Amino acid sequence: MKSKSENFPVITIDGPAGSGKGTITERIASNLGWEILDSGALYRLVGLAAIREGVDFNDEIRLARIAETLDVSFVPNGDGVDVFLKGDNVSDLIRNEECGSCASKVAAINGVRNALLARQRKFSGPDGLVADGRDMGTVIFPEAKVKVYLTASAKIRAERRLNQLKNQGVNANLASLIEDIEERDKRDTTRKVAPLIPAADAIIIDTGKSSIDEVVSQIMKLVEKVYKY
Ligand code: DC
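Residue indices begin from 1 for each chain and proceed along its sequence in written order. With pLDDT at 70 or above as the cut-off, local features in this predicted model cover only qualifying residues; side-chain atom pairs require 80 or more to be listed or tallied, and sums for whole chains, interfaces and linings still use all residues. To obtain the side-chain values, all non-hydrogen atoms of the structure were included, while hydrogens and water were left out.

Engineer: Would you mind showing me how to read the overall build of the chain here?
Structural biologist: Of regular secondary structure, the chain possesses nine helices and eight strands. Taken over C-alpha atoms, the radius of gyration is set against a globule rule of 2.2 Å times the number of residues to the power 0.38. The C-alpha radius of gyration of the chain comes to 17 Å, within 12% of the 17 Å expected for a compact globule of 229 residues. If one aligns the C-alpha atoms of the chain with their principal axes, the spans along those axes are about 50 × 40 × 35 Å. When accessible area is computed with a 1.4 Å probe and restricted to protein chains, residues below 20% of their type maximum are described as buried, those above 50% as exposed, and intermediate ones as partly exposed. Relative to its full complement of 229 residues, the chain shows a buried share of 46%. The criterion used for residue contact is that any of the two residues' heavy atoms lie within 4.5 Å. Expressed as a percentage of contacts within the chain between residues at least 6 apart in sequence, the contacts between residues at least 24 apart total 75%. Here the chain has roughly 11,500 Å² of accessible surface; of this, 49% comes from carbon and sulfur atoms. When charges are counted, Lys and Arg are positive and Asp and Glu negative, with His and the chain ends excluded. Note on charges: their place is set at NZ of Lys, CZ of Arg, CG of Asp or CD of Glu. The averaged location of the 33 negative side-chain charges in the chain is 3 Å from the averaged location of its 32 positive side-chain charges. Only DSSP runs of H or I with at least four residues qualify as helices, and only runs of E with at least two residues qualify as strands; both kinds are numbered from the N terminus onward. Note on areas: Shrake-Rupley, 1.4 Å probe, and residue coverage restricted to the protein chains presented here.

Right, here's the structure in full:
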């Protein structure tokens, strides 16, 4: 199946957890007035649905079935997007560590990835799409004209997560966050299907070495050049 990016502007932003994809994606999409695809949310939703339905994380057939029949909606709320699973607002719930870790497990299953592929390619906006994930530039939108791969050390990414959790009033420990991040990176980069790697034509940006504003401006310059904005 062809992806819609052949005739529709798509910017792909891939990278590991905590590399700043979410923030940078929001800034770029808001600058351009384009829609966002938060592909990680789909994997988190499959993980959450599996927990709720009591499905074993080794049962690949049932997990793929959950992904195929996922009853999900993304509803703009003026300030962002609310995520609903079977009509239940799970926007905050899917962000917790447990859903993140379950997401990473279900994301290694071929049947789950295949089931989510068409769903992701259907995302669009009136003008363009900024797609945030792990395989946006390699698998989902290989024809995208602007591909970005964000990276940063595990320690920097864990420190960002620690601050996020502190702001939510949640206690966490840096060493265990670094361990979680490294474990998740290992699973995401070594899985057989759609492993986390930069697309050959992606620009790689270390977000530990530049400010958010600098990264956004670097990407916007590229977008202006490619799309003549
Ligand atoms: O971006 P995130 O932390 O919300 O993603 C959660 C998990 O989902 C992550 O560990 C890997 C997986 N994922 C993926 O395999 N492919 C994507 N395009 C997005 C996320």
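After that view of the structure, there is still more to cover.
Engineer: Is there a simple way to think about helix α7 (residues 154-167) in this case?
Structural biologist: Working note: α-helix, 3.6 residues per turn, so residues spaced by three or four point in the same direction. Given the number of residues in a helix, its expected span is that number minus one, multiplied by 1.5 Å. Over its 14 residues, α7 extends 20 Å from the first C-alpha to the last, a length consistent with the 20 Å expected when each residue adds 1.5 Å. Looking at α7, one finds that the buried residues are Ala154, Arg157, Ala158, Arg161, Leu162 and Leu165. Seen from one end, α7 has its buried residues packed into an arc of 145°, which puts them on one side. Pointing more than 90 degrees away from the buried face of α7 are the exposed residues Lys166 and Asn167. Where the residues of α7 are buried, they touch α4 (97-106) and α8 (174-190). Looking one or two residues past α7, Gly169 carries a phi angle of roughly 80°, positive in sign. Directions from the helix axis toward the C-beta atoms define the arc.

Engineer: When you look at the site of the ligand in this model, what are you seeing that I'm missing?
Structural biologist: Around the ligand lies a shell of 16 residues, among which Arg44, Arg113, Arg134, Arg184 and Arg191 are the nearest. Between the ligand and the protein, one listed contact pairs a nitrogen atom with a side-chain N or O atom of Ser39 at 2.9 Å. Any N or O atom pair separated by 3.5 Å or less is treated as a polar contact, with the protein-specific requirement of one donor-capable and one acceptor-capable atom, and with residues adjacent in sequence counted only for side-chain atom pairs. Contacts to the ligand include Arg191, whose side-chain N or O atom sits 2.8 Å from an oxygen atom. Summarising the interface, the protein chains cover 95% of the accessible area of the ligand, which totals 440 Å² for the free molecule. Elements with a minimum of two residues in the shell around the ligand: α2 (39-52), α4 and α8. No other element matches the four residues that α2 contributes to the shell around the ligand. All residues other than Ala, Val, Leu, Ile, Met, Phe, Trp, Tyr, Cys, Pro, Asp, Glu, Lys and Arg, Gly among them, are scored as polar; the first ten of these are nonpolar and the last four charged. Of the residues that constitute the shell around the ligand, the class distribution is four nonpolar, four polar and eight charged. Nearness here has a simple test: a residue counts as near a molecule or strand if at least one of its heavy atoms is within 4 Å of that partner.

Engineer: Quick question: what am I supposed to make of the sheet that holds strand β8 (residues 203-206) here?
Structural biologist: Sheet strands pair by backbone hydrogen bonding; their relative direction is either parallel or antiparallel. If you trace the five strands from one edge of the open sheet to the other, you get β2-β6-β1-β7-β8, paired in parallel fashion. Only two strands of the sheet have a single neighbouring strand rather than two, namely β2 (35-38) and β8. Adjacent strand axes in the sheet meet at a mean angle of 20° when their direction is disregarded. Here, any two strands with at least 2 DSSP bridges between them count as paired. In this structure, strand β7 (residues 146-151) lies alongside β8, joined through four bridges in parallel fashion. Directly across from Tyr149, in β8, lies its bridge partner Ile204. Against the sheet, α2 touches β2 and β6 (129-133), its axis set at about 40° to β2. Lines fitted to the C-alpha atoms define the axes, with helices restricted to the stretch that makes contact. Angles between their N-to-C directions range from 0 to 180 degrees.

Engineer: Whenever I open this one, the side chain of Lys21 confuses me. Can you help?
Structural biologist: Along the chain, the position of Lys21 falls in helix α1 (residues 21-32). When neighbours within four sequence positions are excluded, Lys21 is seen to be in contact with Ile13, Asp14, Gly15, Pro16, Asp132, Gly133, Arg134 and Leu150.

Engineer: Can you help me understand the packing of aromatic side chains in this one?
Structural biologist: Centre distance and the angle of the planes are the two values used to describe a pair of aromatic rings. Within 6.5 Å between ring centres, the rings of Phe, Tyr and Trp (the latter by its six-membered ring) count as paired, and their orientation is classed by plane angle as stacked under 30 degrees, edge-to-face over 60, tilted in between. By the definition in use, this model includes two aromatic pairs. With 5.8 Å between their ring centres and 75° between their planes, Trp34 and Tyr227 make a pair best called edge-to-face. On the criterion of sequence distance, the pair formed by Trp34 in the loop between α1 and β2 and Tyr227 in helix α9 (residues 212-227) is long-range, its members being 193 residues apart. This pair shows no difference in class: Trp34 is buried, exactly as Tyr227 is.

Engineer: Whenever I open this one, the nonpolar core confuses me. Can you help?
Structural biologist: Within this scheme, the nonpolar core is defined by two criteria: the residues are buried Ala, Val, Leu, Ile, Met, Phe, Trp, Tyr or Cys, and they are joined through side-chain atoms within 4.5 Å. In terms of nonpolar packing, the biggest core is built from 36 residues, with Leu45, Val46, Leu70, Val112 and Phe141 touching the most fellow members. Broken down by secondary-structure element, the contributors of at least two residues to this core are α2, α3 (60-68), β4 (81-85), α4, α5 (110-121), β6 and α6 (136-140). Among the elements that make up this core, the one with the highest residue count is α2 (eight residues). Apart from the residues lying within four places of it in its own chain, the contact partners of Leu70 are Leu42, Leu45, Val46, Ala49, Leu85 and Arg119. The next biggest cluster of nonpolar side chains, apart from the first, holds 18 residues, and it includes Leu32, Val130, Leu150 and Val215.

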